[in-house]
Amino acid sequence: QVQLVESGGGLVQPGGSLRLSCAASGRGFSFSIYSMGWYRQAPGKQRELVASAISGGTTNYADSVKGRFTISRDNDKRSAELRMISLKPEDTAVYYCHAAVVTTINGPGDYWGQGTQVTVSS
């Protein structure tokens, strides 16, 4: 089982910035990561894609965060980082790290982190 461990998040005022980190690990098997990214889910809303980074360098962003959020990956460390600036109250949500992975024991699969709360409020 691939595990995704998130860090970062918290409470920030509108216009502020935060950084989220996610690291993937697994024991007893090998795996490769096709994509890593972040989704978010606000109360009463569906989970939505925020940003993703695909092997090879392609990145995708939700329209609502373009120009404010930046995703980066470190393939050697099997990690991803989401830098968020100019945060707005509507960015408030639980943010989940996601990875599309191929393992030597289970083949392809989707894995999720435990979620981290981001609250933008004055």
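Above this text sits the structure in question.
Fair warning: this is a prediction, and the values are worked out from it, not measured in the lab.

Structural notes on the pairing of strand β7 (residues 69–74)
And step 1. In the sheet, β7 pairs with strand β8 (residues 79–84) via 6 bridges, with the strands oriented antiparallel. Looking at β8, one finds that Phe69 is bridged to Met84.
And step 2. Joining the antiparallel neighbours β7 and β8 is a turn of 4 residues, in which Arg78 adopts a positive phi near 55 degrees.

What to know about the pattern of salt bridges
And step 1. A full pass over the atoms with the stated rule returns 6 salt bridges.
And step 2. Between Arg40 and Asp91 there is a salt bridge, with the nearest N and O atoms lying 3.0 Å from each other. Of this pair, Arg40 sits in strand β4 (residues 31–41) while Asp91 sits in the loop between β8 and β9 (93–103), placing them 51 residues apart in sequence.
And step 3. A relative accessible area of 5% means that Arg40 is categorised as buried.
And step 4. The partner of Arg83 in a salt bridge is Glu81, with the nearest N and O atoms 2.6 Å apart.
And step 5. Sharing partners across several salt bridges, the network here consists of Arg40, Glu48, Arg68 and Asp91.

Considerations on unusual backbone geometry
And step 1. The backbone of Arg78 sits at a positive phi, close to 55 degrees, despite the residue not being glycine.
And step 2. One can find Arg78 in the loop between β7 and β8.
And step 3. The partly exposed category is assigned to Arg78, whose relative accessible area is 31%.
And step 4. Residues other than glycine seldom take positive phi values, yet Ser86 does so here, at roughly 50 degrees.
And step 5. Within the secondary structure layout, Ser86 lies in the loop between β8 and β9.
And step 6. Since its relative accessible area comes to 37%, Ser86 is described here as partly exposed.

A look at the sheet that holds strand β3 (residues 18–25)
And step 1. Read from one edge to the other, the open sheet built from 4 strands follows the order β1-β3-β8-β7, with strand pairing classed as antiparallel. Each end of this open sheet is capped by a strand with a single partner; those strands are β1 (3–8) and β7. Neighbouring strand axes in the sheet, compared pairwise and without regard to direction, differ in orientation by 15 degrees on average.

Notes on the packing of aromatic side chains
And step 1. Under the defined criterion, the tally for this structure stands at 2 aromatic pairs.
And step 2. Pairing Tyr39 with Trp112 gives two aromatic rings, centres 5.0 Å apart and planes at 65 degrees, and the pair type is edge-to-face. Here the residue Tyr39 occupies a position in strand β4, and Trp112 occupies one in strand β10 (residues 107–112), the gap between them amounting to 73 residues.
And step 3. By relative accessible area, which is 37% here, Trp112 ends up partly exposed.

Some words on the layout of surface pockets
And step 1. Empty space within the largest pocket amounts to approximately 180 Å³.
And step 2. In terms of lining residues, the largest pocket is bounded by 13 residues, among which Arg40, Ala42, Lys45, Glu48 and Glu90 are the most central.

Cut-offs applied
Residues numbered from 1 in each chain as written. Predicted model: local features only at pLDDT ≥ 70, side-chain atom pairs only at ≥ 80, totals over all residues. Heavy atoms only, no water. Pairing = 2+ DSSP bridges. Helix = DSSP H or I, 4+ residues; strand = E, 2+ residues; numbered from the N terminus. Salt bridge = Lys/Arg side-chain N within 4 Å of Asp/Glu carboxyl O. Buried < 20%, exposed > 50% of the residue type's maximum accessible area, 1.4 Å probe, protein only. Axes fitted to C-alpha atoms, helices over the stretch in contact; angles between N-to-C directions. Phe/Tyr/Trp six-rings, centres within 6.5 Å; stacked < 30°, edge-to-face > 60°. 1 Å grid on protein atoms, 1.4 Å probe; cavity = no way out; pocket = protein on both sides within 12 Å on 5 of 7 lines; lining within 4 Å. Points joined across faces, edges and corners; volume = space filled by probe spheres on them.

Interpretation in functional terms is not warranted from these geometric data alone.
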